[in-house]
Amino acid sequence: MLVTDPKGIYVDATLGAGGHAAGIVAALEGERAKVIALDCDPAAVERGNAAPPAAPPRFIAARARFSEVEAALTALGVSHVDGILADLGISSAQLDDPARGLSFAADGPLDMRLDPTRPESADALIRRLGEEELAGLFSELGELPKSRAAARAVRRAAAAHRPLTTGTLRDALASLYPGPTRSRRLAQAFQALRMAVNREIEELEALLAAAARIVRPGGTLVVIAYHSLEDRMVKRAFTPPPSYDLWVEAPKTPWIPIMKKPMRPSATEIARNPRARSALLRAARRKEGFGC
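Since this is a predicted model, take the numbers as computed values, not measurements.

Take the overall build of the protein chain next. If you tally the helices and strands in the protein chain, you get twelve helices and seven strands. The C-alpha radius of gyration computed for the protein chain amounts to 20 Å, which stays within 12% of the reference 19 Å derived for 292 residues, consistent with globular compactness. Projecting the C-alpha coordinates of the protein chain onto the three principal axes gives extents of approximately 60 × 55 × 40 Å. Sorting the 292 residues of the protein chain into buried and exposed places 49% on the buried side. Taking as baseline every contact in the protein chain between residues at least 6 positions apart, the subset at least 24 positions apart corresponds to 69%. Charged side chains in the protein chain number 40 positive and 34 negative. The centres of these two groups are separated by 4 Å.

The following block contains the structure:
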């Protein structure tokens with residue numbers, strides 16, 4: 001779905017371990033064709049440059065948040081591209097590194113910053129927010145049951161421990177969620193904090209807006225989401241909900257969705273890669289004649 005022109009220029013906005021970028025490179029041909037791989041995590045960019053799937057200028061890796069994609073492309077002398085891929089969330093390498101503080105499976109500092117230049121860790125965020133704000137964060141970004149009780153428990157833990165670690169956060173929440181759902185609830189709480197620390201909703205909004213300006217007519221935007229809130233944002237960007245006010249013009253979109261419903265991983269893929277089980281892929285083509 002992504003590569004409509006094998007001689008085109010494509011952006012992998014979430015380089016990660018480089019699997020998608022390598023797949024795009026393999027689908028290209030011709031001297032002009034290239035993949036510009038971006039990531040907010042400098043460690044991912046360093047790995048990409050250390051073991052690139054192709055030599056420059058076929059493959060270029062650079063550090064950029066979603067909100068910095070246009071600036072990164074401008075710095076490379078690129079104004080428009082033929083397609084953008086964004087695989088939201090976090091990579092396995094980030095999740096499995098205790099120093100990142102993204103998982104309750106091992107104890108580590110409660111940092112959660114994917115971009116280490118961001119000013120506020122998860123520990124600092126918890127200490128800054130009031131109980132009501134923290135409960136709202138758990139409810140909206142984590143869809144976490146008992147969000148108010150969770151916020152109180154986390155605030156008590158913050159008062160008793162300095163600094164907070166992933167272990168103290170896990171222990172503070174564990175008693176609220178007994179039984180077989182505990183791991184899922186802990187994952188939802190950690191997800192909410194991570195999304196807030198990295199401003200993932202705001203960054204996705206910036207990417208969706210930029211993609212409408214950057215992708216050439218006929219080109220493709222592909223987004224893989226793992227959270228219902230993010231998937232709804234992508235769906236609405238591709239197919240805005242109609243206006244029910246006769247005096248308000250229906251919203252316009254520069255995109256033509258390729259599928260009505262998101263594509264999900266097959267049972268075979270989930271068996272091979274359990275972390276893909278919640279993936280929701282949506283893709284759309286850039287309309288011809290829609291102003292940039």
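Consecutive side chains of a regular strand alternate in pointing toward one face of the sheet and then the other. With six of its seven residues buried, strand S7 (residues 280-286) lies for the most part within the structure. Two strands pair when backbone bridges link them, and strand S5 (residues 215-225) and S7 are joined in this way by six bridges, in the antiparallel orientation. Directly across from Ala225, in S7, lies its bridge partner Leu280.

Another aspect to go through is helix H6 (residues 131-142). A rise of 1.5 Å per residue sets the reference length of H6, with its twelve residues, at 16 Å; its end C-alpha atoms lie 15 Å apart and thus fit the reference within 8%. Residues Leu134, Ala135, Leu137, Phe138, Leu141 and Gly142 constitute the buried set of H6. All buried residues of H6 lie within an arc of 165 degrees about the axis, which places them on one face of the element. For H6, the exposed residues lying more than 90 degrees away from the buried face are Glu132 and Glu140. On its buried face, H6 sits against helix H5 (122-128), helix H7 (147-160), helix H9 (182-197), helix H10 (200-214) and helix H11 (228-238). Residue Glu143 follows H6 closely and has a positive phi angle near 50 degrees.

Okay, the sheet that holds S7 next. Reading across the sheet, the seven strands line up as S3-S2-S1-S4-S5-S7-S6 and stay open at both edges, with mixed pairing between neighbours. Each of the sheet's edge strands pairs with one partner strand only, and the pair in question is strand S3 (59-63) and strand S6 (255-257). Direction aside, neighbouring strands of the sheet carry axes that sit 20 degrees apart on average. Two strands pair when backbone bridges link them, and strand S1 (residues 9-12) and strand S2 (residues 34-39) are joined in this way by four bridges, in the parallel orientation. Residue pairing in the sheet places Ile9 in a bridge with Lys34 of S2. Where H11 meets the sheet, its contacts fall on S5, S6 and S7, and the angle it forms with S7 comes to roughly 20 degrees.

Here is what the cut-offs are and how they apply
Residues numbered from 1 in each chain as written. Predicted model: local features only at pLDDT ≥ 70, side-chain atom pairs only at ≥ 80, totals over all residues. Heavy atoms only, no water. Helix = DSSP H or I, 4+ residues; strand = E, 2+ residues; numbered from the N terminus. Rg over C-alpha atoms; globule rule 2.2 N^0.38 Å. Buried < 20%, exposed > 50% of the residue type's maximum accessible area, 1.4 Å probe, protein only. Contact = heavy atoms within 4.5 Å. Lys, Arg positive; Asp, Glu negative; His and termini not counted. Charge placed at Lys NZ, Arg CZ, Asp CG, Glu CD. Pairing = 2+ DSSP bridges. Expected span 1.5 Å × (residues − 1). Arc of directions from axis to C-beta. Axes fitted to C-alpha atoms, helices over the stretch in contact; angles between N-to-C directions.

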